[in-house]
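Structural characterization, general
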Amino acid sequence: MKQTFYSNGKLLITGEYVVLDGAKAFALPTKFGQNLIIEEANHQIIHWKSHDHDGSIWFEAEIPFESVIRKERFDASHNIKNTLIEILHEAYQMNAAFITQAKGYRITTELTFPKFWGLGTSSTLINNIAQWLQIDAFELLRKSFGGSGYDLACAQNNSPILYRLVNEKPVVETIAFQPDFLDKIYFVYLNKKQSSKSAITSYLNQRGNIDQTIQKIDKITDLVIQSTAPKEFALALQQHEIEMSAVLELQTVQEVLFYDFKGIVKSLGAWGGDFVLAISKENPTSYFKEKGYEIVIPYTDMIL
């Protein structure tokens, strides 16, 4: 019997980094995501195959059940396999039946976005595995990858969300976000994948006393989601960039790459890679393409 599970990708609009410390974050599930297809097999082996959006295989491995049970580790050249075994081992700890009561599996993943976009290859996988095994996705994330969990909330919801951690537990609120200026918002890929894990580690090592920043970011998030005019929205995003620039001790992406842009550009998620949000009066596609950024996606083409 074949089973198929699907999870949405994500973009974090406000609250990057500080969401880890309890700040309110505004996030958007994307029209892109990932499928997980489970089929029965034999010999107590998981035959795993991961496909990129174009059907090409970017990862393939055979993982014996025993490797999952023992959390077997291979050398550094098998980094993806090690990570997958770690996730499956933690899932096994939460629901052993998928190993103890099975003969084997043929498992396929299918991304509907290019893997390098950074829309949630890992979070969609973790949420899909949690759906399959009927376990808590947030607990599985905590035991494996770590992170705030906002990406799992996007994986599970089909509308914009407000997300925060209260006593380290996720609190998710779906909201309506339909301002008249959605046609002025674009998402631009920066031509490089950013490691969320290393970015989080860097933030945690240098954040200092963050309480005042959290209060400011919470207010800015409220301004962003309540904005009725594009200028109001843009100024709130700009203020968010200024606050986070001070915390991270980094220049904003607009200062570094787009100082002459007629509008506002904001980093999304880990600074320095993946997507940025751009808002401007005119369609900015030609501006970004002239600077070498070919992937410019209108809001309505990206967001659920």
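Check the entry above for the structure.
Structure report, in brief. (Residues numbered from 1 in each chain as written. Predicted model: local features only at pLDDT ≥ 70, side-chain atom pairs only at ≥ 80, totals over all residues. Heavy atoms only, no water.)

1. Focus on the packing of helix H2 (residues 79–94) against helix H4 (residues 121–133)
- Where H2 meets H4, the closest approach of the two axes is 11 Å, and the angle between their N-to-C directions is 30°. The orientation of H2 relative to H4 falls into the category roughly parallel. With respect to the hand of their crossing, H2 and H4 are arranged in right-handed fashion. Residues Leu-84, Ile-87, Leu-88 and Ala-91 of H2 form the contact with H4, whose own contacting residues are Leu-125, Ile-126, Ile-129 and Leu-133. (Axes fitted to C-alpha atoms, helices over the stretch in contact; angles between N-to-C directions. Helix = DSSP H or I, 4+ residues; strand = E, 2+ residues; numbered from the N terminus. Parallel < 35°, antiparallel > 145°, perpendicular 65-115°, else oblique. Left-handed = near helix turned anticlockwise from the far one by under 90°. Contact = heavy atoms within 4.5 Å.)

2. Some words on the nonpolar core
- Grouped together as the largest cluster of nonpolar side chains are 45 residues, with contacts concentrated most on Phe-187 and Phe-275.
- Listed by contribution, the elements that provide at least two residues to this core are strand S1 (3–14), strand S2 (25–40), strand S8 (185–189), helix H8 (211–226), helix H9 (230–248), strand S10 (275–279) and helix H12 (299–302).
- Sort the elements by how many residues they give to this core and H9 lands first, with seven residues.
- Core analysis: the next-biggest nonpolar cluster, separate from the first, contains 43 residues, Ile-38, Trp-48, Leu-84 and Ile-87 among them. (Core = buried A, V, L, I, M, F, W, Y, C linked by side-chain atoms within 4.5 Å. Buried < 20%, exposed > 50% of the residue type's maximum accessible area, 1.4 Å probe, protein only.)

3. Digging into the pairing of strand S6 (residues 161–166)
- Where S2 lies against S6, three bridges are found, and the strand directions are antiparallel. Counted as the bridge partner of Ala-25 is Tyr-163 from S6.
- Examined bridge by bridge, S6 and strand S7 (residues 169–174) share six bridges and lie antiparallel to one another. By the bridge assignment for S7, Ile-161 is matched with Thr-174.
- In textbook terms, the turn of a hairpin is the stretch between consecutive antiparallel strands, and for S6 and S7 this stretch comprises two residues, one of which, Asn-167, has a positive phi near 55°. (Pairing = 2+ DSSP bridges.)

4. What about the packing of H8 against H9?
- Contact pair H8 / H9: the axes reach a minimum separation of 9 Å and the direction vectors enclose 160°. What the angle tells us is that H8 and H9 run roughly antiparallel. In this structure, H8 meets H9 at a crossing whose hand is left-handed. When H8 is examined against H9, the residues Thr-213, Lys-216, Ile-217, Ile-220, Leu-223 and Val-224 are found in contact with a partner set consisting of Phe-233, Ala-236, Leu-237, Gln-239, His-240, Glu-243, Met-244 and Val-247.
- In terms of residue class, the contact of H8 with H9 is made up of nine nonpolar, three polar and two charged. (Nonpolar A, V, L, I, M, F, W, Y, C, P; charged D, E, K, R; others polar.)

5. Examining the sheet that holds S10
- Spatial strand order, S9-S10-S8-S11: four strands in an open sheet with antiparallel pairing. Strands at the two margins of the open sheet, each flanked by one partner only, are strand S9 (264–267) and strand S11 (296–298). Across the sheet, the axes of successive neighbouring strands diverge by a mean angle of 25°, strand direction being ignored.
- Pairing of S9 with S10 involves four bridges; the strand directions are antiparallel. Paired with Ser-267 across the two strands is Val-276, which belongs to S10.
- Along the sheet face, H9 touches S8, S9 and S10 and points at about 45° away from the line of S9.

6. Remarks on the packing of aromatic side chains
- Scanning the model with the defined rule gives 21 aromatic pairs in all.
- Between Phe-32 and Trp-117, the ring centres sit 5.5 Å apart and the planes meet at 85°, which makes this aromatic pair edge-to-face. Here Phe-32, found in strand S2, pairs with Trp-117, found in the loop between strand S5 (105–111) and H4; they are 85 residues apart in sequence, far enough to count as distant.
- Accessibility expressed as a relative area gives 8% for Trp-117, which makes it buried.
- Through successive ring pairs, a cluster of aromatic residues spans Phe-26, Phe-177, Phe-181, Phe-187, Phe-233 and Tyr-299. (Phe/Tyr/Trp six-rings, centres within 6.5 Å; stacked < 30°, edge-to-face > 60°.)

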